[in-house]
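The lines below spell out each chain.
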Amino acid sequence: MKRNNSDNNFKRQKIMALAITDATFDEVVLKSDKPVMVDFWAAWCGPCRMVGPIIDQISEEYAGKVVVGKVDVDANQEFAAKYGVRNIPTVLVFHNGEVVGKQVGVAPKQTYADSLDALL
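Residues numbered from 1 in each chain as written. Predicted model: local features only at pLDDT ≥ 70, side-chain atom pairs only at ≥ 80, totals over all residues. Heavy atoms only, no water.

If you had to explain helix α4 (residues 109-117) to someone new, which residues and values would you point to?
Buried within α4 we find Y112, A113 and L116. The arc enclosing the buried residues of α4, seen along the axis, measures out at 100 degrees, which places them on a common side. Residues of α4 that are buried sit in contact with β2 (36-41), α2 (46-61), β4 (90-95) and β5 (98-104). (Buried < 20%, exposed > 50% of the residue type's maximum accessible area, 1.4 Å probe, protein only. Helix = DSSP H or I, 4+ residues; strand = E, 2+ residues; numbered from the N terminus. Arc of directions from axis to C-beta. Contact = heavy atoms within 4.5 Å.)

A description of the environment of L30 should follow, citing residues and the corresponding values.
Looking at the secondary structure, you find L30 in helix α1 (residues 25-30). L30 gets classed as buried once you look at its relative accessible area, which sits at 18%. Along the sequence, L30 and F94 sit 64 residues apart, while their C-alpha atoms lie 7.5 Å from each other.

Please set out the nonpolar core residue by residue, giving values where relevant.
In terms of nonpolar packing, the biggest core is built from 19 residues, with F25, V29, L30, V38, F40, Y83 and F94 touching the most fellow members. Sorting the residues of this core by element identifies α1, β2, β3 (67-72), α3 (78-82) and β4 as the ones contributing at least two each. With residues up to four places along the chain from it excluded, the contact list for V29 reads I20, T24, V36, V38 and F94. In terms of nonpolar packing, the next biggest core, distinct from the first, is built from 15 residues, V51, V68, V93 and Y112 among them. (Core = buried A, V, L, I, M, F, W, Y, C linked by side-chain atoms within 4.5 Å.)

Tell me what's going on with the pairing of β2, and back it up with residues and numbers.
A large share of β2 lies buried, amounting to 5 of its 6 residues. For β2 and β3, the ladder comprises 6 bridges, and the chain directions are parallel. Paired with V36 across the bridge in β3 is V67. After leaving β2, the chain enters α2 and then returns to the sheet as β3, a path that is right-handed. In terms of strand pairing, β2 meets β4 through 5 bridges, oriented antiparallel. Each residue of the ladder has a partner; that of V36, found in β4, is F94. (Pairing = 2+ DSSP bridges. Right-handed = clockwise from strand over helix to strand, strands pointing away.)

So what's going on with the side chain of D39? Residues and values would help.
Positionally, D39 belongs in strand β2. An unpaired buried charge is present at D39: no salt bridge exists, and K70, the closest side chain of opposite charge, is 4.8 Å distant. With residues up to four places along the chain from it excluded, the contact list for D39 reads V51, G52, I55, G69, K70, V71, P89, T90 and V91. (Lys, Arg positive; Asp, Glu negative; His and termini not counted. Salt bridge = Lys/Arg side-chain N within 4 Å of Asp/Glu carboxyl O.)

Dropping the structure here:
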């Protein structure tokens, strides 16, 4: 008897963090009416690959309440330099266009969630 796998073929669409560039940073981050979490990262960075999935989970869990995005520092250096990002991953939290939180290096998911919960 052939098993019907049609139910297994429909996976819930995963919400990913926005790709933010130097061209979109002002509009997406600084002018947002919601808190914004920005992960400054690079493809070659091992710790960044550890933080990336956590940031995507945060994006999914806080959808509609918070803007969550990622800035590839190799391709977009303007705002990384402006905010003094010297080590990656660096996650900045913005509220009303101002930096209100900063986490450098890998941290547990709860650390990122707590920084957003404090603003909601």
